[in-house]
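Chain and residue survey
Take a look at the letters that make up each chain.
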Amino acid sequence: MEWTVNQLAQRAGISGRTLRHYHQIGLLEPDRVGSNGYRYYGPGAVARLQRILLLRNTGMPLLDIATVLDGLVTLEVEIEALAGHLEFLARERSALDRRINAVEHTLSMRRQGREPRMDVMLEGFNDRYETEVVERWGRDAFDASNQWWHDKSLQQQKDWKARADALLARWREIQEEGHDVDSPVAQEHAAVHLEWFKEIPGTPTHTGDTAKSVDMIRGLAAQYESNPEFHAAFGTAEAAGFAANALRVHVRMLEPLSKEQTTSRQGSLNNAS
């Protein structure tokens with residue numbers, strides 16, 4: 001049994017133009033071409049078309065499909081090609097998720113009548129700040145935090161941002177309630193803030209590097225005070241400044257004691273005893 005272009009196209013659910021294109025690029029040859037110029041396809045060609053359509057439905061480019069089908073066709077070759085294409089699709093999906101997230105953020109800000117702001121949740125630890133992070137903390141720090149963020153689904157990213165918004169909103173509540181920056185309430189929330197930072201791979205807080213953690217928190221505190229985008233994130237400039245000073249107080253307790261401080265403290269303890 002043989003089918004013409006139109007007959008095969010109809011049964012395969014594709015266009016005759018597609019079949020002719022496959023012939024032109026050498027992907028699917030007809031069994032023969034009649035004296036009338038018609039192409040005729042037999043069982044072998046139909047079986048090959050079936051595999052072409054299967055691989056095409058995965059999104060694999062036609063050139064790669066030809067490589068798979070025209071090479072030493074083994075199960076291992078096909079698995080390797082499919083696995084490679086799956087990795088490509090995963091990267092494409094990740095990139096698309098990031099673009100969707102960016103558009104959702106911009107749309108949300110526009111609906112609120114505000115300018116889109118930077119991602120305050122991961123300030124200094126996302127694609128836009130790659131150069132700065134690499135210079136300050138090294139390539140491994142950027143790669144770890146960047147991969148961690150982009151491995152999250154859109155829902156996970158939204159959940160993380162919701163937690164971040166609640167964290168910053170709580171600072172405004174504490175400030176407006178009239179607490180001092182060194183009060184138990186403020187310092188308890190400062191500890192929560194640091195624990196939140198520890199969740200982000202690549203940050204000094206995550207790795208437990210105390211000296212670099214202190215440096216990082218102080219740097220962020222300065223940005224909280226000076227950057228209007230953070231003022232909007234905290235709700236007011238006063239809340240942002242309050243959080244900055246409370247965090248500065250908190251990290252003083254984390255700083256490694258100098259040799260002189262250690263000697264002085266030990267002397268005080270000896271005197272007390």
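Fair warning: this is a prediction, and the values are worked out from it, not measured in the lab.

Per the secondary structure count, the protein includes 14 helices and three strands. The 273 residues of the protein split such that 37% are buried. In the protein, the share of contacts with a sequence separation of at least 24, taken over all contacts with a separation of at least 6, comes to 55%. Element-wise, carbon and sulfur atoms account for 52% of the exposed surface of the protein, whose accessible area totals about 16100 Å².

In this section: helix 13 (residues 237–252). Counted at 1.5 Å a residue, the expected span for helix 13 with its 16 residues is 22 Å, and the 23 Å between its end C-alpha atoms agrees. Burial in helix 13 covers these residues: A239, A240, G241, F242, A243, A244, A246, L247, V249, H250 and V251.

Take the confidence of the model for the protein next. In this model, the protein carries a mean pLDDT of 78, and residues with pLDDT of at least 70 account for 79%. Below a pLDDT of 50 lies the segment residues 117–126, which in the model reaches 43 contacts outside its immediate sequence neighbourhood of four places, other chains included. Under a pLDDT of 50 for its full length, residues 257–265 has, in the predicted model, three contacts with residues more than four places off or in other chains.

Turning our eyes to something else, we now look at helix 3 (residues 43–56). For helix 3, with 14 residues, the first-to-last C-alpha span of 20 Å sits near the 20 Å given by 1.5 Å per residue. Within helix 3, the full set of buried residues consists of A45, L49, I52, L53 and L55. Taken around the axis of helix 3, the buried residues stretch over an arc of 160 degrees, which confines them to a single face. Exposed side chains of helix 3 directed beyond 90 degrees from the buried face belong to P43, G44, Q50 and L54.

This part covers the environment of L69. With respect to the helices and strands, L69 occurs in helix 4 (residues 62–70). A C-alpha to C-alpha distance of 10.0 Å links L69 and L55, two positions 14 residues apart in sequence. Residue contacts for L69: discarding those within four places in its chain leaves R48, R51, I52 and L55.

The next thing to look at is the side chain of H250. Within the fold, H250 resides in helix 13. The residues touching H250, leaving out its near neighbours within four places in the chain, are Q187, A190, A191 and L194.

Working note: a packed helix pair is described by the angle between its axes plus the distance between those axes. Following both chains from N to C, one finds helix 9 (residues 184–198) and helix 13 inclined at 85 degrees, their axes separated by 9 Å at the closest point. When the interaxial angle is binned, helix 9 and helix 13 end up roughly perpendicular. Facing helix 9, whose interface residues are A186, Q187, A190, A191, H193 and L194, helix 13 presents F242, A246, L247, V249 and H250. Of the residues belonging to the contact of helix 9 with helix 13, the class tally is eight nonpolar, three polar and no charged.

Here we come to the packing of aromatic side chains. Following the criterion strictly, the structure yields five aromatic pairs and no others. Aromatic side chains Y224 and F230 sit 5.0 Å apart centroid to centroid with 65 degrees between the ring planes, which places their arrangement in the edge-to-face category. Relative accessible area serves as the criterion here: at 1%, F230 is assigned to the buried category. An aromatic cluster is present here, built from W160, W196 and F197 joined pairwise through their rings. Sitting above the plane of the Y40 ring, R32 keeps its charged end 4.3 Å from the centroid.

So, about the environment of G59. Within the secondary structure layout, G59 lies in the loop between helix 3 and helix 4. Classification of G59 by relative accessible area gives partly exposed; the value is 43%. A sequence separation of 26 residues divides G59 from H85, and the C-alpha atoms of the two residues are 8.1 Å apart.

A few words now on the pattern of salt bridges. Scanning the model with the defined rule gives seven salt bridges in all. Across the pair E199 and R163 runs a salt bridge whose closest N-O atoms are separated by 2.8 Å. With E199 in the loop between helix 9 and helix 10 (204–207) and R163 in helix 8 (residues 154–176), the pair connects residues that are 36 residues apart, well separated along the chain. Between R248 and E225 there is a salt bridge, and its shortest N-O distance comes to 2.9 Å. Highlighted residues: R248 in helix 13 and E225 in helix 11 (residues 210–226), separated in sequence by 23 residues.

All right, on to the nonpolar core then. Ranked by internal contacts, the top residues of the largest apolar core, which has 31 residues, are W171, F197, I217, Y224, F234 and L247. Breaking this core down by element, the ones donating at least two residues are helix 7 (139–150), helix 8, helix 9, helix 11, helix 12 (228–234) and helix 13. The element that contributes the greatest number of residues to this core is helix 13, accounting for eight residues. In contact with Y224, not counting residues within four places along its chain, are H193, F197, F230, H231, F234, A240, A244 and L247. Ranked by size, the runner-up nonpolar core spans 19 residues in total, among them V5, L19, Y22 and L55.

Quick notes on the rules
- Residues numbered from 1 in each chain as written.
- Predicted model: local features only at pLDDT ≥ 70, side-chain atom pairs only at ≥ 80, totals over all residues.
- Heavy atoms only, no water.
- Helix = DSSP H or I, 4+ residues; strand = E, 2+ residues; numbered from the N terminus.
- Buried < 20%, exposed > 50% of the residue type's maximum accessible area, 1.4 Å probe, protein only.
- Contact = heavy atoms within 4.5 Å.
- Areas by Shrake-Rupley, 256 points an atom, 1.4 Å probe, with all protein chains shown as cover.
- Expected span 1.5 Å × (residues − 1).
- pLDDT = per-residue confidence, 0-100.
- Arc of directions from axis to C-beta.
- Axes fitted to C-alpha atoms, helices over the stretch in contact; angles between N-to-C directions.
- Parallel < 35°, antiparallel > 145°, perpendicular 65-115°, else oblique.
- Nonpolar A, V, L, I, M, F, W, Y, C, P; charged D, E, K, R; others polar.
- Phe/Tyr/Trp six-rings, centres within 6.5 Å; stacked < 30°, edge-to-face > 60°.
- Lys NZ or Arg CZ within 6 Å of the ring centre and 35° of its normal.
- Salt bridge = Lys/Arg side-chain N within 4 Å of Asp/Glu carboxyl O.
- Core = buried A, V, L, I, M, F, W, Y, C linked by side-chain atoms within 4.5 Å.

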